[in-house]
Each structure stands twice: as C-alpha cells, then as structure tokens.
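# Analysis of the macromolecular model
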Amino acid sequence: MITDLGSLTLGAVVPAAAGAAAAIDVACDIAAPNVSAQLSALASFSPTAALSLAAQLEIAQSIVSNLQASIALGIEPPSLAEQAAAAAAIISQLEGMFATVQAQAAIGAALEAQLAVGGVRLLAFAGAQSALGGELAAALGPATTAAHALVLVTTSSSAWAAMQGVFTTS
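My aim in this report is to walk through the structure given alongside it, one point at a time.

This brings us to the overall build of the protein. Counting its secondary structure elements, the protein contains six helices and two strands. Of the regular secondary structure in the protein, the N- to C-terminal order runs β-α-α-α-α-β-α-α. Across the 170 residues that make up the protein, the buried fraction comes to 12%. Excluding contacts between residues fewer than 6 apart, the proportion of contacts in the protein whose partners are at least 24 apart in sequence is 85%. As displayed, the protein offers around 11,600 Å² of accessible surface, 65% of which is attributable to carbon and sulfur atoms.

Here it is, written out as structure tokens:
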C-alpha cells in the first residue's frame, strides 16, 4: 500500500542530512570564533627580552641558581628568532584551520540551502513487489503529466531500518 506523506522540503525527506547540516553549523560556530581569537592573540605577540639592564641586575641574584641549574641540564631559553619562528608556525597552522572552518561553513550553508527546497512529494510503499507499479500510478493520479522519482527498494529488514534512520518513512 502506498501512503502519501505529502509535499515536503528535502530536509524533511532526509532528516539525517538536516541534522548533519545543523551539526556543521554548530561546529563551525564554535570553532571559528575560537580560531579567530587565537589568531588575534598571536597577532599581538611580539618576542621580547624586555627587561632593562637595571631590572635584570635587580633580579639576577634570585635567578642565578636557576640559570646555572638549567645550563647544567643543557636547557637554554629560546632566542628571539626561535620565538618568532614558533609564533609564525602557530599562526600559519591557525590560518589553515580557520580556512578549513570557513570552507566547512560554506559547505554547510550550501547543504542547508539544498535541504530547504520544497516540492518533493514523498510516497511510502509497503506491500507486494508486483503491486508497486499499479499502486504508484494510482497514487500519482491521472492528472500527472510528468514526474521525476527516486525509488529505493529493499527486501532486507536491516537495510529498511537503516533507511528509516536517513529518510522520512512515515
């Protein structure tokens, strides 16, 4: 028997796709500001050895023993060039992440636009395979002059259960 489920949007016909599009939006809405904030923070980074000679002399006595222990272990503070290179590498990585997030957001927007298209008549069939053709013609009615259809057929209960998770079936 064919059940006419009405004229729907693609998002209503394929609720799993609508859910995926919504998840893309949520992920991009979380990731984009985070990556953007990290880029902004790094933009203000400037490697420095900002202590004046007087300030260095003032605190030198308290850090000499720590410096000597670090030297003995082979630990050296990063140079300004190393700090700048590390910051540049992080900025490059974040810019790549931000471009990826922007591309994903564009894909999500395009998917949502497609899913918002209406006018898809959804017919659900359950019955003998040999009855599909006659019932389909009867469900469409005599006024139908042209139609486009996708028919997904399965005789497997597990495939049907999977299809019900992706497509509206009732």
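Topologically, Ser 40 is positioned in helix 2 (residues 15-43). Along the chain, Ser 40 and Ile 91 lie 51 residues apart, while their C-alpha atoms are 9.5 Å from each other.

Turning to the nonpolar core, a few remarks are in order. Residues Val 13, Val 14, Ala 17, Ala 21, Leu 115 and Leu 122 constitute the largest nonpolar core, which totals six residues. Not counting chain neighbours up to four residues away, the residues in contact with Val 14 comprise Val 166 and Phe 167.

So, on to the environment of Gly 119. Along the chain, the position of Gly 119 falls in the loop between helix 4 (80-115) and strand 2 (120-125). In this structure Gly 119 touches Ser 7 and Leu 8, once residues within four positions along its chain are discounted.

Think of an α-helix as turning once every 3.6 residues; residues three or four places apart then point the same way. Relative to the 42 Å expected for 29 residues at 1.5 Å per residue, helix 2 spans 42 Å between its end C-alpha atoms, a close match to the ideal helical length. Three or more residues of helix 2 are buried, namely Ala 17, Ala 21, Cys 28, Val 35, Leu 39 and Leu 42. Taken together, the buried residues of helix 2 touch helix 4.

Packed helices, taken two at a time, are described by the angle between their axes plus the distance between the axes. At a closest axis distance of 8 Å, the pairing of helix 2 and helix 4 adopts a crossing angle of 155°. The angle between helix 2 and helix 4 places the two elements in the roughly antiparallel class. Viewed along their axes, helix 2 and helix 4 form a crossing whose handedness is left-handed. For the contact of helix 2 with helix 4, the per-class residue count stands at 20 nonpolar, four polar and three charged.

Reading guide: rules and limits
Residues numbered from 1 in each chain as written. Predicted model: local features only at pLDDT ≥ 70, side-chain atom pairs only at ≥ 80, totals over all residues. Heavy atoms only, no water. Helix = DSSP H or I, 4+ residues; strand = E, 2+ residues; numbered from the N terminus. Buried < 20%, exposed > 50% of the residue type's maximum accessible area, 1.4 Å probe, protein only. Contact = heavy atoms within 4.5 Å. Areas by Shrake-Rupley, 256 points an atom, 1.4 Å probe, with all protein chains shown as cover. Core = buried A, V, L, I, M, F, W, Y, C linked by side-chain atoms within 4.5 Å. Expected span 1.5 Å × (residues − 1). Axes fitted to C-alpha atoms, helices over the stretch in contact; angles between N-to-C directions. Parallel < 35°, antiparallel > 145°, perpendicular 65-115°, else oblique. Left-handed = near helix turned anticlockwise from the far one by under 90°. Nonpolar A, V, L, I, M, F, W, Y, C, P; charged D, E, K, R; others polar.

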